[in-house]
Amino acid sequence: MKKALVISGGGSKGAFAGGVAQYLMNEENKDYDLFLGTSTGSLMVSHLALNRLDELKELYTNVNQKTIFSINPFKIKRVSGEKVISIHHFNVLRNFFRGKNTFGESKNLRKLIRRNITKKMFEEIQAKNKEIVVTVSNLTANQIEYKSSNESTYEDFLDWIWGSCNYAPFMSVLNKNKQQYADGGFGSLIPIREAILRGATEIDAIILETEVTQFNRLPSKNPFSLLFDVFDFMLTHVEKHNITIGKLAAKHKNVKLNLYYTPTILTTNSLVFDQKLMRKWWLSGFEFAKSKQEELMSDFRPDILTDKEVIEGRQQLKD
C-alpha cells in the first residue's frame, strides 16, 4: 500500500496546508511514501518527507515580501486600518528598463530555498526511500513536467522547486536547459492524477481553495488587477479540471482519495506574505483537519449497512 500527500499551489496560503499536514502526520500518524507539490506545495514537501514540521512551521510563519522578492512588484499600504495592495510602479518600470520579461523578480526565494533545503536533507530523503515530485510548467515546450527527487541532482532539484513557485509574470522565470519554466499551477494545480500514475493507493490532497465559489470579484480598475482576475479565473478552472480527472482516476484505480479544502477564503492575493496572517492560517489548518477527522468518525455507524451490503444480503436470502 502506497500513501501519498498532495499539496496544491496557493502562495502564502501554504501555511494552512502546513497545519493540515501537521495534524495528519502528528495526530493521525499518517506515514506517506510519496509527496507531490505544486508551487507553494513544492516548497513544503521536502520538510514533510522528513517530518520536520517544526522547521517548516518556523519557515512558513516568518517569511515576508523581502524573503521572497528581490524586486517586489507590489506595494502594500494601510487605508483606514486595512491593508490595500497595489502595483509598485517604480519597481515594475525599473524591471522593464533593465530588459526583464517579468514585473518583479524572486531571486531571494531561490536563496531561501537553498538555506532551508540542504544537501544533507536531500540525501536523507533518498536514503529513506521517500519520493518527492514537484510540478513545473515548461513554457517553451508548452507542457507540464513532473520532476522527481529520485531523478534529479541536488542543485537541479532546488531549481525545479524554485521554478514551480514562480508565478510569472509577477515573479522570475526559470531559464534551464535552454527552456523557460514557470509555476506548475498553470497546468497542474493539484497533481492528484500524477500521484495515482506513480502507484499511490491512498491519497490525502490539500486544496488551498474553497470547495465552492464564495464571492464575486469587484470590477478591475487597472490592467494589473485585471491580469490577476484573469489568472485567478484560469487557475480556478485548472484546479476544478485537475480534481475531476483525479476523482475519475481514483475511482477507476480504486484509490482512496481524501480532499481537504479551505473552509473559508483566506486571501484574494496569495503573493502577499503577512507573517501574522500566516501564523493564524497554520493554526486554522490544524484545527480544520482535526474537526474534519472528528466529523468523519462521528459519521461512521457500524450498525448501518451500506447499499451494497443490503443488496448482497437480499441476494443471500434468495439463495
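On a predicted model such as this, the values are computed, not experimentally measured, just so you know. (Residues numbered from 1 in each chain as written. Predicted model: local features only at pLDDT ≥ 70, side-chain atom pairs only at ≥ 80, totals over all residues. Heavy atoms only, no water.)

J.: Can you tell me about helix α6 (residues 107-116), naming the residues and giving the values?
T.: Listing the buried residues of α6 in full gives L109, R110, L112 and I113. Taken down its axis, α6 places every buried residue within 160 degrees of arc, on the same side. Residues of α6 that are exposed and point over 90 degrees away from its buried face: K111 and R115. (Buried < 20%, exposed > 50% of the residue type's maximum accessible area, 1.4 Å probe, protein only. Helix = DSSP H or I, 4+ residues; strand = E, 2+ residues; numbered from the N terminus. Arc of directions from axis to C-beta.)

J.: Can you lay out the environment of V238 for me, pointing to particular residues and giving the numbers?
T.: Secondary-structure assignment places V238 in helix α10 (residues 223-253). Sequence separation of V238 and G187 is 51 residues, and the distance between their C-alpha atoms is 6.5 Å. Dropping the residues within four chain positions of it, V238 is found in contact with G185, F186, G187, S188 and L189. (Contact = heavy atoms within 4.5 Å.)

J.: An account of the confidence of the model for the protein is requested, with residue identities and associated values reported.
T.: Mean pLDDT over the protein works out to 88, with 88% of the residues at or above the 70 mark. Averaged pLDDT values for the elements of the protein fall to 48 in helix α12 (residues 307-318) and rise to 98 in strand β1 (residues 3-7). Low pLDDT (under 50) marks residues 300-306, which in the prediction has two contacts with non-local residues, meaning those over four places away or in another chain. (pLDDT = per-residue confidence, 0-100.)

J.: How would you sum up a nonpolar patch on the surface? Please name residues and give values.
T.: Where nonpolar side chains cluster on the molecular surface, the patch consists of L93, F96 and F97 and spans about 370 Å² of accessible area. Relative to the assigned elements, F97 resides in helix α5 (residues 89-97). For F97, a relative accessible area of 75% gives the class exposed. (Patch = residues over 30% accessible without salt bridge, like charges linked within 9 Å, V, L, I, M, F, W, Y side chains within 5 Å. Areas by Shrake-Rupley, 256 points an atom, 1.4 Å probe, with all protein chains shown as cover. Salt bridge = Lys/Arg side-chain N within 4 Å of Asp/Glu carboxyl O.)

J.: Which residues make up the packing of helix α2 (residues 40-49) against helix α8 (residues 154-165), and what are the values?
T.: Two elements in contact, α2 and α8, have axes whose closest approach is 7 Å; the angle formed by their N-to-C orientations is 145 degrees. Every residue of α8 that contacts α2 at T40, S42, L43 and S46 is listed here: F157, I161, S164 and C165. Class assignment of the residues belonging to the contact of α2 with α8 gives a composition of four nonpolar, four polar and no charged. (Axes fitted to C-alpha atoms, helices over the stretch in contact; angles between N-to-C directions. Nonpolar A, V, L, I, M, F, W, Y, C, P; charged D, E, K, R; others polar.)

J.: Which residues make up the packing of aromatic side chains, and what values do they have?
T.: Enumeration according to the criterion identifies 15 aromatic pairs in this entry. Here Y23 and F286 contribute two aromatic rings whose centre-to-centre distance is 5.3 Å and whose plane-to-plane angle is 80 degrees, an arrangement assigned as edge-to-face. Remark: F286 occurs in helix α11 (residues 275-299) and Y23 occurs in helix α1 (residues 14-27); sequence separation between them is 263 residues. The residues Y23 and F286 share a single accessibility class, namely buried. Aromatic pair Y167 and F170: ring centres 6.2 Å apart, planes at 15 degrees, arrangement stacked. Following the ring pairs from residue to residue traces out a cluster consisting of F69, F74, F96, F103, Y167, F170, F186 and F231. (Phe/Tyr/Trp six-rings, centres within 6.5 Å; stacked < 30°, edge-to-face > 60°.)

J.: Go over the side chain of N258, please, and point to the residues and values.
T.: The topology assignment puts N258 in strand β10 (residues 256-261). Using a relative accessible area of 19% as the deciding quantity, one classes N258 as buried. Excluding anything up to four places from it in sequence, N258 contacts K30, E202, I203, D204 and A205.

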